[in-house]
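Take a look at the letters that make up each chain.
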Amino acid sequence: MIPTTAELAAEEHGDARRAVRLFRNAGEIADEEGDEIVTANHVFEADELVEVELFIEMVKGTPLSGKSLLFALTRLDRNTPEKEWFRTSEIHEVYQTVARDVEVEPKGYNRALELLNKHVTTGVLESKKKERGDQGKFRSYSLQGDVESTRTGLINSTPELQTLMGW
């Protein structure tokens, strides 16, 4: 179990705090399952929980509009798995629906662009500029982490999104 924990912690971030979280969560999972010994399977389960915990910490102070934008991006990602990068306009279009679904007034395009760029700064998103002749210049975004961990983190940390998911 220790080699598995060390490998997972080093692979993602090389962070001893991550290893400690993995140990703690793996122990809690083993305890909940009534197991006396923590196994590598418990560590792999704990790894998914740690991803969600870290994401929740990263977006803790993010306003609902910023979380809704991220949720819109996870929806795009799930609905078009063959695609990894999404234009600001695509994200904004889905975001407007998400915002209305959680009963908040959607932000305008420019404000949405600012919020997306803040997510780039925090490392949640990656961004790149593209030029396409007749389509002009535009920016595309991609999630940095696992889409399902991102969705779970957003839903767990945002009551408004929980209602959207029927929780």
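Details of the structure are given in the entry above.
Residues numbered from 1 in each chain as written. Predicted model: local features only at pLDDT ≥ 70, side-chain atom pairs only at ≥ 80, totals over all residues. Heavy atoms only, no water.

Applying the stated rule across the entire model yields 7 salt bridges. Across the salt bridge formed by Glu 28 and Arg 24, the nearest N and O atoms sit 3.8 Å from each other. Here Glu 28 and its partner Arg 24 are both found in helix 2 (residues 16-32), 4 residues apart, which amounts to about one turn of the helix. Take Glu 28: its relative accessible area is 40%, and that puts it in the partly exposed class. Using a relative accessible area of 39% as the deciding quantity, one classes Arg 24 as partly exposed. Close ionic contact of Lys 83 with Glu 90 constitutes a salt bridge, the shortest N to O distance being 2.5 Å. In this structure Lys 83 comes out as partly exposed when scored by relative accessible area, which is 31%. (Salt bridge = Lys/Arg side-chain N within 4 Å of Asp/Glu carboxyl O. Helix = DSSP H or I, 4+ residues; strand = E, 2+ residues; numbered from the N terminus. Buried < 20%, exposed > 50% of the residue type's maximum accessible area, 1.4 Å probe, protein only.)

With that settled, consider the sheet that holds strand 1 (residues 86-87). The strand order 1-3-2 describes an open sheet built from 3 strands, whose pairing is antiparallel. Looking at strand neighbours, the two that pair on one side only are strand 1 and strand 2 (125-132), the edges of this open sheet. By the bridge criterion, 8 bridges tie strand 2 to strand 3 (residues 136-143) in an arrangement that is antiparallel. Note that in strand 3 the partner of Lys 129 across the bridge is Arg 139. (Pairing = 2+ DSSP bridges.)

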